[in-house]
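Examining the three-dimensional arrangement
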Amino acid sequence: MPLTSVKILDPVRFATSAFLLAARGFLAIIIALYPLSAAAQLSAVYTIADVQVDETAESASAARDIALQKGQALAYQRLMDRIVSLADRTKVPAVQTAQLLQLVSGLEVGEEKTSSVRYLAQMTVRFSASAVRRHLRNAGVRFAETQSKPLIVLPVYRAQATLQLWDTGNLWLKAWRDLPPSDGLIRLIVPKGETADIADISPEQVIAGNLEQIRSIAGRYGAEGALLTIASVSQGRGEKVIEVSTSRLGPGGDDRISVQSFVSTKGTSLEQILVSAANNLRREVVETWKQDNLLNFDDHRELLAEAELRGLPDLISLQKKLEAVSLVEKAELVRLSLKSALIRLRSVSYTHLRAHETEA
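Heads up: these notes are all about the structure in this document. Just so we're clear, the structure is a prediction, and the values are computed from it rather than from any experiment.

Alignment of strand E8 (residues 225-236) against strand E9 (residues 239-249), held across eleven bridges, turns out to be antiparallel. Paired with Gly236 across the strands is Glu239, a residue of E9. If you look at the hairpin formed by E8 and E9, you'll find two residues sitting between the two strands, and Arg237 has a positive phi there, around 50 degrees. Note: E9 against strand E10 (residues 257-263), seven bridges, orientation antiparallel. Directly across from Ile242, in E10, lies its bridge partner Phe262.

So this is what it looks like as structure tokens:
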């Protein structure tokens, strides 16, 4: 049942640009416009899938208990790698089993295999967003939980005066395809190189930044931006030098351009260097997004809002939606009647407000 209306009390007191942005988000939530897709995205951020466990003990039952504990600990580390800024990674607190129980909201276990002393399985671990937020705030750890819209990767390989994109000899494209799956907040899509891809865009058009062609191939893959990356290989003093120039187009990209150089070492193949370069570049893209979307807990705002209700289900719905919003640090029920609720909201802001506006 939708909430009928909401009223911010004493709006002049809170009329700062940062707060008005937050207040606008609160209003949307309180009048039940918070999209289900946003809640699903938040759930995805705090879900770690494909956690592999393999333990041996005096019995299969004991091995299972050990595996489930270790699996949750592994999932916790992967979640921290996903949302915590690299600069704050050393501040992430270690957690004991009892603490993990407070952070984990659900487990799914599949592909179980056992012997008399061994247990193997694949786990999906779901964390409570609100519990993890409190956990990190209390430790003074900065983090981000905004997912980027997908980006398509267009890797052009320049070698011996030729440009390659969809060619079978494109080692830069192969390097991106060989990367292991990522847990990051950005999903990078590497195209398949099918006939439709070849028709959509050529290596020359990638280098020229042809927006029409880039939008065409990105749209087919469900991406809303592109990572254009050109790897140029040259020979120098008996070593191969790889220069990688990369730009990002689309939401949150700012048309940023980065240039990196890599030198092949003795005993390391060109293919290995390119895979390492692709991995470094992906990590840099993910970390830059994270830095742009860090939650700022030093900037606090409060507001009083009165919402009309049509019964207890409305109040429960409002409570759940507020808990799902990262900007809301605390929601306190000040007064409750059969027809309305007075709520005091304490909020934080994003370090990068414009990135938040892009995603809103």
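A separate point is the sheet that holds strand E2 (residues 47-56). Read across the sheet, three strands follow the order E2-E4-E3 without closing on themselves; strand pairing throughout is antiparallel. The two strands at the open ends of the sheet, each matched to only one other strand, are E2 and strand E3 (104-114). Taking each pair of neighbouring strands and ignoring which way they run, the sheet shows an average axis angle of 25 degrees. Those strands touched by helix H3 (residues 60-83) are E2, E3 and strand E4 (118-127), and its axis lies near 145 degrees from that of E2.

Within helix H5 (residues 129-138), seven of the ten residues are buried, which leaves the element mostly enclosed by the surrounding structure. All buried positions along H5 are accounted for by Ala129, Ala131, Val132, Arg133, His135, Leu136 and Arg137. Of the residues trailing H5, Gly140 is marked for its positive phi of about 70 degrees.

Okay, the environment of Asn138 next. Its place among the elements puts Asn138 in helix H5. Residue Asn138 is classed as exposed on the basis of its relative accessible area, which comes to 70%. A C-alpha to C-alpha distance of 10.0 Å links Asn138 and Pro93, two positions 45 residues apart in sequence.

Thresholds, definitions, all that
- All residue numbers refer to positions counted from 1 along the written sequence of the respective chain.
- Per-residue local features are limited, in this predicted model, to residues with pLDDT of at least 70; the limit for side-chain atom pairs, both in listing and counting, is 80 or more; totals at the level of whole chains, interfaces and linings are taken over all residues.
- Heavy atoms from the whole structure form the basis of all side-chain values; hydrogens and water molecules are not counted.
- Strand pairing is defined by DSSP finding a minimum of two bridges between the two strands.
- Secondary structure elements are defined from DSSP: runs of H or I of at least 4 residues count as helices, runs of E of at least 2 residues count as strands, and each element is numbered from the N terminus.
- Comment: axis = line fitted to C-alpha atoms, over the contacting stretch for helices; angle = value between 0 and 180 degrees taken between N-to-C directions.
- Whether two residues are in contact is decided by their heavy atoms, any of which lying within 4.5 Å being enough.
- Here's how the labels work: a residue is buried when its accessible area is under 20% of the maximum for its type, exposed when over 50%, partly exposed in between, all with a 1.4 Å probe on protein chains only.

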